[in-house]
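Here is how the chains run, residue by residue.
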Amino acid sequence: MRSFDLIVLGAGAAGLMCAIEAARRGRKVVVLDHASKPAEKIRISGGGKCNFTHLKATPKNFLSQNPHFCISALKRFTPWDFVGRVIERGIPYYEKTEGQLFCETSAQDIIDMLLDDLQSDGGELWLKTDIRRVDHRDGGFVLDTSEGIMACEKLVVATGGLSIPKMGATGFAYDLARQFGHEIIETRPALVPFTLGPDKLEDFSGLSGVAVEARVTAGKTQFTDGFLFTHRGLSGPAILQISSYWRTGEAVEIDLLPGLNLMEWLLERKQSRGKQSLGNALAELLPRRLSDRWLELNNLRNESNIGDLPNASMDLLSKAVKKWTLLPMGTEGYRTAEVTAGGIDTNGLSSQTMESRLCPGLYFIGECVDVTGWLGGYNFQWAWSSGWAAGQAV
Ligand SMILES: Cc1cc2nc3c(=O)[nH]c(=O)nc-3n(C[C@H](O)[C@H](O)[C@H](O)COP(=O)(O)OP(=O)(O)OC[C@H]3O[C@@H](n4cnc5c(N)ncnc54)[C@H](O)[C@@H]3O)c2cc1C
């Protein structure tokens, strides 16, 4: 039987960060993962460039039943702390939109940094290792794995959420949490495209690939960002962001021209260029394919002179563009979701250390916990911060 001070389950962002910190503190650490490669989600993240943090990350950028839970870890290991490591390592990076940091060259730079740090601090990494059973014995843990029986004093669970099962995502963390009496906040795919029913897909056929800036609202939450028609439904950052807040059966409202009072614009155009066709006028504001289809769907004639258009028709068009109400059929699910919302109830965990309140010595970090970030580097920041916090305590 091999014995360690600490076993970390899951060689993703959170698990590696925690293991590095613990190894630096002189703990004998091993990270186990069933995959053949570590940190696969880092590798594919941010289109291969890993949006590794957001400099403006605050607790309001995270969803959780307890919005205060993430405060302590985020405060103690901040985005700048991670950037410091990136700079020290000499990894080239750039700021895409305000605060959103990406690798200049490749996400592999971040993976290499983490793996080198783990190795130089004396931590071990065992891949292709299945964890069959975990028992709590004599104040420690005994694990039955495909590499034999292993024992440890402290156990950190960092096996992530359910998104992208093709890459090896499993519900392991939730099952283990339940085994030790933890509650699970219902999980759901988040940061995920919407799917539409056949009638809507027919309405929008031919629009696949059309992108605009839009404001999307669900309940009291709204995001203004890129919006994209796809052959299955809707995507783009504004849709991914709102999907984390959306609940099945809820309608969303979409403003395809945020920042413009379309009714005023049309009235002004009626005065100044009454002979312009409605189609040409709207195509000044929206991509031609979209503006043509919107006129058609609202029974307005593309070639009508804008000067002849009754105000009631302008009002109809204005509402169709700026208050478009739509009932998504669903989402693309865990197959493409960037993250899993919900997860291990934070009531059962210490916000300082991520330790279980029900089973001392057991810790949960990263995406498996009921803390879900917005799109924009927040999810990795949670992985770094929660991993770091546990790493100081284990
Ligand atoms: C396509 C995509 C792009 C993304 N881009 C970004 C981005 O740019 N910025 C950002 O902030 N976030 C991004 N995310 C989200 C981010 O990747 C996750 O929030 C983050 O990886 C979570 O880290 P984690 O360590 O908790 O879990 P993971 O990274 O999922 O790591 C979990 C590890 O546990 C292992 N594991 C799972 N089950 C078992 C088991 N039963 N036994 C053994 N090992 C197991 C897995 O193989 C994996 O290595 C993206 C996600 C996706 C899917």
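Worth saying up front: this structure is predicted, and the values here are computed from it rather than measured.

**Q** Sorry if this is basic, but what is going on with the overall build of the protein chain here?
**A** Scanning the protein chain from terminus to terminus reveals 13 helices and 21 strands. Along the first, second and third principal axes, the C-alpha atoms of the protein chain reach 85 × 40 × 35 Å. Here the protein chain holds 394 residues, and the buried ones make up 56% of them. In the protein chain, 72% of the contacts between residues at least 6 apart in sequence involve partners at least 24 apart. With the model as given, the accessible surface of the protein chain reaches about 16,800 Å², and the carbon-plus-sulfur share is 48%. The distance from the centre of the 42 positive side-chain charges to the centre of the 46 negative ones in the protein chain is 2 Å.

**Q** What should I look at first to understand the packing of aromatic side chains in this one?
**A** As enumerated under the stated definition, the model contains 22 aromatic pairs in all. Taken together, a centroid distance of 4.9 Å and an interplanar angle of 80° make the contact between Phe223 and Trp374 edge-to-face. Residue Phe223 is found in strand β14 (residues 221–229), and its partner Trp374 is found in the loop between β21 (372–373) and α13 (378–393); the two are separated by 151 residues along the sequence. Measuring from ring centre to ring centre gives 6.3 Å for Phe229 and Trp294, while their planes differ by 65°; the resulting arrangement is edge-to-face. With Phe229 in strand β14 and Trp294 in helix α11 (residues 288–297), this pair connects stretches of sequence that are 65 residues apart. Each residue in the set Phe52, Phe82, Tyr93, Phe380 and Trp384 is aromatic and connected to the rest through ring pairs, giving one cluster. One Lys or Arg, Lys28, reaches over the ring of Phe4 and ends 4.9 Å from the middle of that ring.

**Q** What am I meant to see in the pattern of salt bridges here?
**A** The full count for this structure, using the stated rule, is 25 salt bridges. In this structure, Glu21 and Arg24 form a salt bridge, with 3.7 Å as the shortest nitrogen-oxygen distance. Taken as a pair, Glu21 and Arg24 lie in helix α1 (residues 13–24) at a separation of three residues, close to a single helical turn. Across the pair Glu303 and Arg301 runs a salt bridge whose closest N-O atoms are separated by 3.3 Å.

**Q** Could you clarify how one ought to interpret the sheet that holds strand β5 (residues 93–95) in this entry?
**A** To summarise the sheet geometry, strands pair through backbone hydrogen bonds and adopt either a parallel or an antiparallel arrangement. The strand order β3-β6-β5 describes an open sheet built from three strands, whose pairing is antiparallel. Unpaired on one side and paired on the other, β3 (51–54) and β5 mark the two borders of the sheet. Recorded for the sheet is a direction-independent mean angle of 25° between the axes of neighbouring strands. In this structure, β5 lies alongside strand β6 (residues 100–103), joined through three bridges in antiparallel fashion. When the sheet's bridge partners are listed, Tyr94 is paired in β6 with Phe102.

**Q** Got a minute to help me understand the site of the ligand in this structure?
**A** Surrounding the ligand, one finds 29 residues, the nearest of these being Asp33, Asn51, Thr170, Glu367 and Phe380. Here Gly46 contributes a backbone N or O atom positioned 3.1 Å from an oxygen atom of the ligand. Interatomic distance of 3.5 Å between a backbone N/O atom of Gly377 and an oxygen atom of the ligand. Look at the ligand: alone it shows 990 Å² of surface, and the protein chains cover 92% of it. Residue assignment for the shell around the ligand shows that the elements contributing at least two residues are α1, α2 (40–44) and α13. Take the shell around the ligand: its biggest share by element is three residues, from α13.

**Q** Hey, could you run me through the packing of helix α4 (residues 79–89) against helix α5 (residues 108–120) in this one?
**A** Think of two packed helices as two axes; the pair is described by the angle between the axes and how far apart they sit. At a minimum axis separation of 11 Å, α4 and α5 run at an interaxial angle of 90°. Judged by the angle between their axes, α4 and α5 are roughly perpendicular. Contact with α4, carried on its side by Phe82, Arg85, Val86 and Arg89, involves Ile110, Asp112, Met113 and Asp116 of α5 and no other residues of that element. Tallied by class, residues from the contact of α4 with α5 come to four nonpolar, no polar and four charged.

**Q** I keep staring at the nonpolar core and nothing clicks. Help me out?
**A** Note on soluble globular proteins: their nonpolar side chains tend to be buried together. Grouped together as the largest cluster of nonpolar side chains are 123 residues, with contacts concentrated most on Ile42, Ile110, Leu143, Phe227 and Leu256. Mapping this core onto the domain boundaries places at least three of its residues in each of domain 1 (2–189 + 340–391) and domain 2 (193–331). For Leu256, the residues in contact, after removing those within four places along its chain, are Val212, Glu213, Ala214, Phe227, Leu286, Leu290, Trp294, Val321, Lys322 and Trp324. Listed in part, the six residues of the second largest apolar core include Ala190, Leu191, Leu240 and Leu375.

Rules and cut-offs
- Residues numbered from 1 in each chain as written.
- Predicted model: local features only at pLDDT ≥ 70, side-chain atom pairs only at ≥ 80, totals over all residues.
- Heavy atoms only, no water.
- Helix = DSSP H or I, 4+ residues; strand = E, 2+ residues; numbered from the N terminus.
- Buried < 20%, exposed > 50% of the residue type's maximum accessible area, 1.4 Å probe, protein only.
- Contact = heavy atoms within 4.5 Å.
- Areas by Shrake-Rupley, 256 points an atom, 1.4 Å probe, with all protein chains shown as cover.
- Lys, Arg positive; Asp, Glu negative; His and termini not counted.
- Charge placed at Lys NZ, Arg CZ, Asp CG, Glu CD.
- Phe/Tyr/Trp six-rings, centres within 6.5 Å; stacked < 30°, edge-to-face > 60°.
- Lys NZ or Arg CZ within 6 Å of the ring centre and 35° of its normal.
- Salt bridge = Lys/Arg side-chain N within 4 Å of Asp/Glu carboxyl O.
- Pairing = 2+ DSSP bridges.
- Axes fitted to C-alpha atoms, helices over the stretch in contact; angles between N-to-C directions.
- Near = heavy atom within 4 Å.
- Polar contact = N/O pair within 3.5 Å; in protein donor to acceptor, adjacent residues only side chain to side chain.
- Parallel < 35°, antiparallel > 145°, perpendicular 65-115°, else oblique.
- Nonpolar A, V, L, I, M, F, W, Y, C, P; charged D, E, K, R; others polar.
- Core = buried A, V, L, I, M, F, W, Y, C linked by side-chain atoms within 4.5 Å.
- Domains from an automatic or database assignment.

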